[in-house]
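A look at the structure
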Amino acid sequence: MSELIQKIVTGINKKIDGVDMSKSIALNIKDEGFIIIDENGARAEEAEADCTVSCSAKTFSGLVDGSVNPMTAVMMGKIKIAGDKMVAMGLGKILG
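Let me begin by describing the structure that accompanies this report.

Conventions and cut-offs
Residues numbered from 1 in each chain as written. Predicted model: local features only at pLDDT ≥ 70, side-chain atom pairs only at ≥ 80, totals over all residues. Heavy atoms only, no water. Helix = DSSP H or I, 4+ residues; strand = E, 2+ residues; numbered from the N terminus. Buried < 20%, exposed > 50% of the residue type's maximum accessible area, 1.4 Å probe, protein only. Contact = heavy atoms within 4.5 Å. 1 Å grid on protein atoms, 1.4 Å probe; cavity = no way out; pocket = protein on both sides within 12 Å on 5 of 7 lines; lining within 4 Å. Points joined across faces, edges and corners; volume = space filled by probe spheres on them. Nonpolar A, V, L, I, M, F, W, Y, C, P; charged D, E, K, R; others polar. Salt bridge = Lys/Arg side-chain N within 4 Å of Asp/Glu carboxyl O. Pairing = 2+ DSSP bridges. Axes fitted to C-alpha atoms, helices over the stretch in contact; angles between N-to-C directions. Polar contact = N/O pair within 3.5 Å; in protein donor to acceptor, adjacent residues only side chain to side chain.

**Considerations on the side chain of Thr59**
In this structure, Thr59 sits in helix 2 (residues 57-65). For Thr59, a relative accessible area of 9% translates into the label buried. Filtering out sequence-adjacent residues up to four positions away, Thr59 remains in contact with Val68, Lys78 and Ile79.

Structure below.
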């Protein structure tokens with residue numbers, strides 16, 4: 001597992017308390033790896049999820065630090081969402 005993926009998993013697990021994770025989110029950070037976020041927390045794993053969000057490490061870092069607007073990034077194709085798009089909106093609660 002890459003150092004970036006481990007850092008993301010650790011950060012998400014610190015923020016996930018109190019967030020409804022009845023549906024799962026898969027993060028595909030290109031050239032780094034996969035993360036699953038569900039009722040058990042975040043972990044580095046590639047698995048089926050209700051929603052999959054794919055982007056580059058640079059775009060993901062921008063989402064976390066606020067320099068990338070998620071809606072603009074989706075419209076520009078920098079973020080791809082597959083599955084239940086409403087679940088993806090919950091990612092903002094975790095990253096924000």
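**Remarks on the layout of surface pockets**
Looking at the largest pocket, its volume works out to about 380 Å³. Taken together, 17 residues line the largest pocket, and the ones lying closest to its centre are Pro70, Ile81, Ala88, Met89 and Gly92. Counting residues per element, the ones that place at least two in the lining of the largest pocket are helix 2, helix 3 (70-75), strand 5 (79-83), helix 4 (85-89) and helix 5 (91-95). Residue composition of the lining of the largest pocket, grouped by class: 14 nonpolar, two polar and one charged.

**Notes on the pattern of salt bridges**
The full count for this structure, using the stated rule, is three salt bridges. Close ionic contact of Arg43 with Asp38 constitutes a salt bridge, the shortest N to O distance being 2.9 Å. A relative accessible area of 9% means that Asp38 is categorised as buried. For Arg43, the salt bridge is made with Glu45, and the minimal N-O distance between the two is 3.0 Å. Using a relative accessible area of 33% as the deciding quantity, one classes Glu45 as partly exposed. Three or more residues are tied together by salt bridges with common partners; here these are Asp38, Arg43 and Glu45.

**Points about unusual backbone geometry**
In this structure, Asp31 takes a positive phi of about 65° despite not being glycine. Among the structural elements, Asp31 can be located in the loop between strand 1 (25-29) and strand 2 (33-38). Taking the relative accessible area as the measure of exposure, Asp31 reaches 82% and is therefore exposed.

**Let's talk about the sheet that holds strand 4 (residues 51-55)**
Taken in spatial order, the five strands make up an open sheet running 3-2-1-4-5, and their pairing is mixed. Two strands close off the open sheet at either side, each with one partner strand: strand 3 (41-43) and strand 5. Averaged over all pairs of adjacent strands, the angle between strand axes in this sheet comes to 15°, irrespective of strand direction. One ladder, built from five bridges, connects strand 4 with strand 5; its direction is antiparallel. Residue Cys55 lies in a different strand from strand 5, and its bridge partner there is Ile79. Lying on the sheet, helix 1 (residues 3-15) is in contact with strand 1, strand 2 and strand 3; it crosses strand 2 at an angle near 10°.

**Quick look at the side chain of Ser2**
Relative to the elements of secondary structure, Ser2 occurs in the segment before helix 1. A distance of 3.1 Å separates the side chain of Ser2 from the backbone nitrogen of Ile5, its partner in a polar contact.

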